[in-house]
Amino acid sequence: SLFKSGNNVKIKYFEKQSLNNASIIDLPYVHQVYDTPGSGGYSSCAPTAAIMVLAYYNILPKWEIVNNYYGNTNYWGSYVMEKYMFNGNNFTLQSSGYYGGYGYMWNGGSPNSKMKGYYEKHGMTASQKWNVNWNTTIAEVNKNKPYTMCVWLTGSGHLIVTIGKIEGKHSLIFNDPYGNKNTPGYPSYDGAGAIYDWPGYNHGHIHLNDGNTSEMSIPWCISTSFNPVAPADTIVDDLHFNTGFYLKTTSPAKMSYWRDVKGGYNNHYWWTYSENSSADICYAKWTPNLENSGLNEVFVYIPAITNPATKVLYNIHSVCYDSTVIIDQSINGNYWVSLGEHYFNNDGSTYVKLGDKTGIDGEKIVFDAVKWESRKINYEFSANKKNGNEPFTTKFSANSTYLPQYASWLWEFGDGDTSTAQNPTHIYKKEGNYTVSLKISYGNNSFDTTAINFITVESPIIGDFDLVSPKKDTVIQNSNVLLNWNSAGNDISEYLVYIDETSDFSQITPISVDTNYCNVDSLKENTEYFWKVLAVTNGNDTLSSTIWYFNVNLENDLPSQFSLISPNNNDILTFLTPTFEWEKSHDLDINDTITYNLLLKREEDNYISFGITDTTVIELTDSLIDNSIYSWKVEANDKYGGKTMSNEYLLVINQFSDYPNACTPLFPLDSSVIIDTRFVEFDWSESVDVDPNDELSYYLFCWDENGKYHINKKLYETEYNEKELPNNKKYYWLVRTRDKTNRSVLSDTFSFSIAIPSGVTDNIPKVFSLLQNYPNPFNPITTINYAIPQKEFVTLKIYNINGQLIETLVSEYQIADNYSIKFDANDLPSGIYFYQIKAGSYYDCKKLVLMK
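Residues numbered from 1 in each chain as written. Predicted model: local features only at pLDDT ≥ 70, side-chain atom pairs only at ≥ 80, totals over all residues. Heavy atoms only, no water.

If you tally the helices and strands in the protein, you get 4 helices and 67 strands. Over its C-alpha trace the protein gives a radius of gyration of 40 Å, far above what one expects of a compact globule, namely 29 Å for 852 residues. Per-residue burial for the protein yields a buried fraction of 49% across its 852 residues. Partitioning the intrachain contacts of the protein with sequence separation of at least 6 by distance along the chain shows that 64% fall at a separation of at least 24. (Helix = DSSP H or I, 4+ residues; strand = E, 2+ residues; numbered from the N terminus. Rg over C-alpha atoms; globule rule 2.2 N^0.38 Å. Buried < 20%, exposed > 50% of the residue type's maximum accessible area, 1.4 Å probe, protein only. Contact = heavy atoms within 4.5 Å.)

Right, let's talk about the pairing of strand 21 (residues 322-327) for a bit. In regular strands, side chains alternate between the two faces of the sheet. The side-chain alternation of strand 21 yields one buried face, formed by Ser323, Val325 and Ile327, and one unburied face, formed by Asp322, Thr324 and Ile326. Bridge count between strand 20 (residues 312-317) and strand 21: 6 bridges; the pairing is antiparallel. When the sheet's bridge partners are listed, tyrosine 314 is paired in strand 21 with valine 325. Connecting strand 20 to the antiparallel partner strand 21 that follows it, the hairpin turn spans 4 residues. (Pairing = 2+ DSSP bridges.)

For the structure on display, the rule yields 17 salt bridges. In this structure, glutamate 341 engages arginine 375 in a salt bridge whose closest nitrogen and oxygen atoms are separated by 3.8 Å. In this pair, glutamate 341 is assigned in strand 22 (residues 335-344) and arginine 375 in strand 25 (residues 370-375), connecting sequence segments 34 residues apart. Connected through shared salt-bridge partners, Glu297, Glu341, Lys371, Glu373 and Arg375 make up one network. (Salt bridge = Lys/Arg side-chain N within 4 Å of Asp/Glu carboxyl O.)

The sheet built from 4 strands is open, its strands ordered 64-63-66-67 with antiparallel pairing. Bordering the open sheet on either side are strand 64 (805-814) and strand 67 (842-850), each of which pairs with just one other strand. Each adjacent strand pair in this sheet contributes to an overall mean axis angle of 15°, direction not counted. Looking at chain direction, strand 63 (residues 792-800) and strand 66 (residues 831-839) are connected through 7 bridges and run antiparallel. Within the sheet, the bridge partner assigned to valine 794 lies in strand 66 and is alanine 839. (Axes fitted to C-alpha atoms, helices over the stretch in contact; angles between N-to-C directions.)

Time to look at the packing of aromatic side chains. The geometry of an aromatic ring pair comes down to the distance between the two centres and the angle between the two planes. In this structure the tally under the stated criterion is 60 aromatic pairs. Taken together, a centroid distance of 5.6 Å and an interplanar angle of 65° make the contact between tryptophan 485 and tyrosine 495 edge-to-face. Highlighted residues: tryptophan 485 in strand 36 (residues 481-485) and tyrosine 495 in strand 37 (residues 492-500), separated in sequence by 10 residues. With relative accessibility at 0%, the residue tryptophan 485 sits in the buried group. With a relative accessible area of 4%, tyrosine 495 lands in the buried category. (Phe/Tyr/Trp six-rings, centres within 6.5 Å; stacked < 30°, edge-to-face > 60°.)

Attention now moves to the pairing of strand 55 (residues 697-704). A large share of strand 55 lies buried, amounting to 8 of its 8 residues. Alternating residues of strand 55 divide into Ser697, Tyr699, Phe701 and Trp703 and Tyr698, Leu700, Cys702 and Asp704, and every residue in both groups is buried. One ladder, built from 8 bridges, connects strand 55 with strand 58 (residues 729-738); its direction is antiparallel. Looking at strand 58, one finds that aspartate 704 is bridged to tyrosine 731. Pairing analysis gives 6 bridges linking strand 55 to strand 56 (residues 709-715), with the strands arranged antiparallel. In the sheet register, cysteine 702 faces strand 56, and the bridge partner there is isoleucine 711. If you look at the hairpin formed by strand 55 and strand 56, you'll find 4 residues sitting between the two strands, and glycine 707 has a positive phi there, around 85°.

Our focus in this paragraph is the side chain of threonine 272. By the element assignment, threonine 272 lies in strand 17 (residues 269-273). The buried category is assigned to threonine 272, whose relative accessible area is 0%. Within the structure, the side chain of threonine 272 is placed 3.0 Å from the backbone oxygen of tyrosine 257, a separation counted as a polar contact. Apart from residues lying up to four places away in sequence, threonine 272 is in contact with Tyr257, Trp258, Arg259, Asp356, Glu363, Lys364, Ile365 and Phe367. (Polar contact = N/O pair within 3.5 Å; in protein donor to acceptor, adjacent residues only side chain to side chain.)

This part covers the nonpolar core. Counting residues in hydrophobic clusters, the biggest one holds 79 residues, and the most contacted among them are Trp286 and Val352. With 9 residues, the top contributor of residues to this core is helix 1 (residues 45-56). For valine 352, the contacting residues outside a window of four places in its chain are Ala284, Lys285, Trp286, Val298, Tyr314, Asn315, Ile316, Leu339, Phe344, Val370 and Trp372. Core analysis: the next-biggest nonpolar cluster, separate from the first, contains 26 residues, Ile377, Trp411, Ile440 and Phe454 among them. (Core = buried A, V, L, I, M, F, W, Y, C linked by side-chain atoms within 4.5 Å.)

With antiparallel pairing, the 3 strands of this open sheet are ordered in space as 52-54-57. Lying at the two open borders of the sheet, with one neighbouring strand each, are strand 52 (665-667) and strand 57 (719-720).

Bringing the environment of proline 668 into the picture now. Here proline 668 shows up in the loop between strand 52 and strand 53 (672-674). Distance in space between the C-alpha atoms of proline 668 and proline 692 is 32 Å, their sequence separation being 24 residues. Look past the residues within four positions of proline 668 in its chain and what remains in contact with it is Ile674, Val680, Glu681, Phe682, Trp733, Phe750 and Phe752.

Let us now look at helix 4 (residues 134-141). Owing to its 3.6 residues per turn, the α-helix brings residues three or four apart onto one side. Within helix 4 the residues assigned to the buried category are Trp134, Thr137, Ile138, Glu140 and Val141. All buried residues of helix 4 fall inside an arc of 155° around its axis, so they share one side. Those residues of helix 4 hidden inside the fold are in contact with strand 8 (125-132), strand 9 (147-151), strand 10 (158-166), strand 11 (171-175) and strand 13 (218-225). The distance from a side-chain oxygen at the start of helix 4 to the backbone nitrogen of asparagine 135 is 3.3 Å, and the residue carrying that oxygen is asparagine 133. (Arc of directions from axis to C-beta.)

Attention now goes to the side chain of aspartate 638. Turning to its location among the elements, aspartate 638 is positioned in strand 49 (residues 628-638). It turns out aspartate 638 is buried and unbridged, and the closest side chain with the opposite charge, lysine 643, is 8.1 Å from it. Among the polar contacts made by the side chain of aspartate 638, one reaches the side chain of asparagine 556 at a distance of 3.2 Å. In this structure the side chain of aspartate 638 is engaged in a polar contact, spanning 2.6 Å, whose partner is the backbone nitrogen of glycine 642. With near-sequence residues (within four places) excluded, aspartate 638 lies in contact with Asn556, Asp557, Leu558, Pro559, Asp587, Asp589, Asp592 and Thr593. (Lys, Arg positive; Asp, Glu negative; His and termini not counted.)

Its location among the elements puts histidine 342 in strand 22. Classification of histidine 342 by relative accessible area gives buried; the value is 6%. C-alpha of histidine 342 to C-alpha of tyrosine 402: the two residues are 60 residues apart in sequence and 8.9 Å apart in space. At 2.8 Å, the side chain of histidine 342 and the backbone oxygen of leucine 339 are in polar contact.

This brings us to a nonpolar patch on the surface. Where nonpolar side chains cluster on the molecular surface, the patch consists of Leu666, Phe667 and Leu669 and spans about 280 Å² of accessible area. Structurally, leucine 669 is set in the loop between strand 52 and strand 53. (Patch = residues over 30% accessible without salt bridge, like charges linked within 9 Å, V, L, I, M, F, W, Y side chains within 5 Å. Areas by Shrake-Rupley, 256 points an atom, 1.4 Å probe, with all protein chains shown as cover.)

Take unusual backbone geometry next. Going from phenylalanine 667 to proline 668, the amide bond is cis rather than trans, its omega being 5°. Residue proline 775 is reached from tyrosine 774 by a cis peptide bond, and omega for that bond is -5°. Tracing the sequence through the fold places proline 775 in the loop between strand 61 (769-770) and strand 62 (781-788). Look at aspartate 473: it is not a glycine, yet its phi comes out positive at around 65°. Take aspartate 473: it is sitting in the loop between strand 34 (467-469) and strand 35 (474-476). Residue serine 671 is not a glycine yet carries a positive backbone phi of 65°. Turning to its location among the elements, serine 671 is positioned in the loop between strand 52 and strand 53. Relative accessible area serves as the criterion here: at 58%, serine 671 is assigned to the exposed category.

The next thing to look at is the confidence of the model for the protein. Summing up the model confidence of the protein, the mean pLDDT is 89 and the portion of residues at 70 or higher is 94%. Contacts from residues 1-18, a stretch scored under 50 in pLDDT, to residues over four places away or in other chains number 42 contacts. pLDDT under 50 marks residues 35-41. Its contacts with residues more than four places away, or in other chains, come to 19 contacts. (pLDDT = per-residue confidence, 0-100.)

The following block contains the structure:
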């Protein structure tokens, strides 16, 4: 903690509170500032505190709004002051122009009479007690449930939620909707986990009755309890908020767009109107909690409703693909309806989604429970032929009962070759018994099936006459080849030449020749060919050669393009020996091989090679350097000198998140006195963080000698001068530097005084102005005066009468002040000119006359 004091404590800022001796529950934090778009203002702390309790019990669905102040996502704040419906209740009462919890608690009453009922209307039990002492409070806190307390942190009473205690002290931990009163700038945005002391005790924190020190007890408190629906599993109900069921509302719709009804499955369902639009305005998602990944038949429960939608589009986001099932809800009231069989993961990545886009306006779409029923999958395969002589060609087929279009396949044929085709053709070139296996993958799930000694290949047929060339398993570098064989004898009427890309030959027409050779042209590059010859005798007997094969390779092909896999581009790793992985590269050249070379460099250094490997994974054994940015890529090389380079990824090594260094206050100087302006220019040095790619922000705090804060500003620059401070006061100021992981450090604290003498006016202008130049007409020098009331980027330019730019006198950021600048027109002819100023949104232009 940091304490700055004169006669009284000026700051109590707890930069980091150790909670090792504390018990605390995880309560979602909602800030009292109603920061949804277009709201502009503060809400009551009472409904804000209540919404945090409802969010803790998962009673309300998330209502996602981007926070205007910080840009973060606010999940429950809109319930505080906007209309919504839940549990058969419409929270549409209005108070001061607002609705939701605010309208309910302040319409015809106040929170002390309405808050208990607000909890009960959401299905909770609530008990309210008055003038609560420490023993009663700590008994409730020990139940490990959020405890709503009305305290005197402000003069009018203030609602906060207790989330824990610090053992051995009379100190409690809260979510304070108004911020943390221990830190500068209350109200602020740091009320999650605020620590306050019980009245009458001092453990270094603001005490709970800080606004009314005569009170030693707490005005009133509300304890709550709630019995949620059973956890989501194979049935996801529309009440499983944030644990399986999700409602989404996008502009222009509000949460009141969703209507809830007591009926349907588990006596509750939602409905909304269908939209003739190109995209969903609102939608719901059901995500199951399955014991195992697998094939499931999906059912949706559709309650009966008037004017039901006739074309509802259920989107099934399964492992392998997205599919849409169209259901007519008008003929399916009060029934479970099947959406078909689909493969779902048990990791929360697969779900059912239903939106309001149907192509028809004004019908009612209902959203209720969804259930999953497991179905068995048989993984089998077959072959059109299972035995024959070498070389033996066979075609495999995958015969699984579930074969989605986007599944992947990996066949292992037992001879070292593999295939990723669904129904591949394979050629065995050696005799033996072969065990075949097939792996079918759906996303991250895979299933194996194996057949032992499934294929039997016998020795090749001994020919009646011999083949001569090209020799068996040779490589030729021409697109034509001369096939040659020994004569089969004198009694031959013709030779039938068979040549194909497999050894089956059943689907081709042979070439007839009357010689013992045959020229074949138009052979395809990177193709293996099989060939044999039949000799037909004059008596129509047939003699056969054996089968040989050769490869065509006209030129060397480069390894195929491939991509890096992990670490992904711009990944931030907290360990120093990462594992690098990339896709496999392929080479079209028959019998070619590929090796890989991992290249790695640190920032501006040269690439370092990690050696040649035939695998696509390398795990480093030497540690990389912390707080560094590396580049990495992989080179694929074939055995003929061909090279292909992968894409390049960046990798950030950041083992620990380091604190930034504290900045140094520069101006106003410590103990200085300012006598000429109340728009003080604050300047400080830039902070540095050794963590790569970290982002720093600055928080400027300035308070007077009475402890009142005048500046509490988040900034990204190292200067600020946009706040007018009162005269004749002493001030203190400091800057907190924060990185994107919320680690922060404080600068030293400087003091200064503003003491503008009586009768001396502040020389900082109140408005923008551009004065007439003097003298005018002039020869050849004139003076231009202008005033800037706040820091802006200023341009002052001279134009001739034709609108041509003559000179730019000013082009820079300028602080608030009065300015005077000389214009020398010695090189210009007599005539009329114009001078134009732009400063932010301010613009003005005046005429000047040069007369020589």
